[in-house]
Amino acid sequence: MRLAAFLAHRLALALVVLVGVSLVVFLCLFLTGDPAALMLPPDATRDEIQRFRAAMGFDDPWVVQYLRWIGRIVLDGDFGTSLRFGRPVGELIRERLPATALLAVVALAWSTAVGFVLGTIAAVRRGGFVDFLVRAIALSGQAIPVFWLGLLLILFVSLRLRWLPTGGYGEARHLVLPAIALGAYYM
């Protein structure tokens, strides 16, 4: 019973976080200005912008727009159409999900293996220089933001040393830098 209560509590917290993040992301879209004016060509007339705004529902209050958007996601699984690519967002997610999952698995695998080995070495050499070095590496992995570590790895390993590509997908060498950057925190 305690496990069921714990899981229900955690699920409720996860739901609150999901709603909060979706609300923040939705509201951030309005920071760029009028979406109708941004989506139409620069030479669009005021009447064209107004008709487009009404057709897309941009003239409704943001609360109504948010609830409509969440309703389409929850009830229909419709995330809408990407403004950048002009394709359904669900399709784009499905296309990119295998690469994302592969990267997550590789990052978790290397960080677990290396973290276990380094932790064992530090435990055996407790209080010595090796223990200090391993703790410094672990602290650095948690202190350096992932995006900053990724940029540093690209700058030095890819651009300066030319050992690995700066980006891409399809070969194992494309996974090395992103996996190191993502796994450093968990190591």
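What counts and what doesn't
Residues numbered from 1 in each chain as written. Predicted model: local features only at pLDDT ≥ 70, side-chain atom pairs only at ≥ 80, totals over all residues. Heavy atoms only, no water. Helix = DSSP H or I, 4+ residues; strand = E, 2+ residues; numbered from the N terminus. Buried < 20%, exposed > 50% of the residue type's maximum accessible area, 1.4 Å probe, protein only. Contact = heavy atoms within 4.5 Å. Areas by Shrake-Rupley, 256 points an atom, 1.4 Å probe, with all protein chains shown as cover. Phe/Tyr/Trp six-rings, centres within 6.5 Å; stacked < 30°, edge-to-face > 60°. Axes fitted to C-alpha atoms, helices over the stretch in contact; angles between N-to-C directions. Left-handed = near helix turned anticlockwise from the far one by under 90°. Nonpolar A, V, L, I, M, F, W, Y, C, P; charged D, E, K, R; others polar. Patch = residues over 30% accessible without salt bridge, like charges linked within 9 Å, V, L, I, M, F, W, Y side chains within 5 Å. Salt bridge = Lys/Arg side-chain N within 4 Å of Asp/Glu carboxyl O. pLDDT = per-residue confidence, 0-100. Polar contact = N/O pair within 3.5 Å; in protein donor to acceptor, adjacent residues only side chain to side chain.

1. Concerning the overall build of the protein chain
When its secondary structure is counted, the protein chain shows 8 helices and 0 strands. Secondary structure elements of the protein chain occur, N-terminal to C-terminal, as α-α-α-α-α-α-α-α. Its C-alpha atoms put the protein chain at 75 × 55 × 25 Å along the principal axes. Within the protein chain, the proportion of its 187 residues that are buried is 20%. Contacts in the protein chain between residues at least 24 apart in sequence constitute 45% of all its contacts with a sequence separation of at least 6. When the accessible area of the protein chain is evaluated, it comes to approximately 13,900 Å², of which 70% is carbon and sulfur surface.

2. A look at the packing of aromatic side chains
In the structure shown here, the tally under the stated rule is 5 aromatic pairs. With 5.5 Å between their ring centres and 65° between their planes, F26 and Y66 make a pair best called edge-to-face. With F26 in helix α1 (residues 2-28) and Y66 in helix α4 (residues 62-76), this residue pair connects regions lying 40 residues apart in the sequence. For the pair F26 and Y66, a shared accessibility class is recorded, and that class is buried. Put simply, the rings of F26, Y66 and W69 pair up and form one aromatic cluster.

3. Describing the packing of helix α7 (residues 146-160) against helix α8 (residues 173-183)
Two numbers describe how α7 lies on α8: the axes approach to 9 Å, and their chain directions differ by 145°. The handedness of the crossing between α7 and α8 is right-handed. Listed contacts from α8 to V146, L149, G150, L153, I154, V157 and S158 of α7 are L177, I180, A181 and L182. For the contact of α7 with α8, the class distribution of residues is 9 nonpolar, 2 polar and no charged.

4. A short note on a nonpolar patch on the surface
A cluster of nonpolar side chains, namely F116, V117, I121, F129, V130, F132, L133 and I137, defines an oily patch on the protein surface of about 770 Å² accessible area. Its location among the elements puts L133 in helix α6 (residues 129-143).

5. So, the pattern of salt bridges
Under the criterion given, the structure shown has 7 salt bridges. A salt bridge links R68 to D60; its shortest N-O distance comes to 2.2 Å. Overall, the relative accessible area of 30% leaves R68 in the partly exposed class. Note on D60: relative accessible area 28%, which makes it partly exposed. Its salt-bridge partner being R87, residue E95 comes within 2.2 Å of it at the nearest N-O pair. By relative accessible area, E95 is classed as partly exposed at 44%. For R87, a relative accessible area of 28% gives the class partly exposed. Via salt bridges that share partners, R87, E91, E95 and R96 belong to a single interconnected network.

6. Let's talk about the confidence of the model for the protein chain
One rule of thumb: low pLDDT means the predicted coordinates there are not for detailed reading. Averaged over all residues, the pLDDT of the protein chain equals 89, while 99% of them reach at least 70. Predicted confidence in the protein chain is weakest over helix α2 (residues 35-39), with a mean pLDDT of 78, and strongest over helix α5 (residues 89-124), with 92.

7. Quick look at the side chain of S111
Take S111: it is sitting in helix α5. Reaching out from S111, the side chain makes a polar contact with the backbone oxygen of A107 at a distance of 2.9 Å. Discounting residues that sit within four places of it in the chain, S111 has contacts with G183, Y186 and M187.

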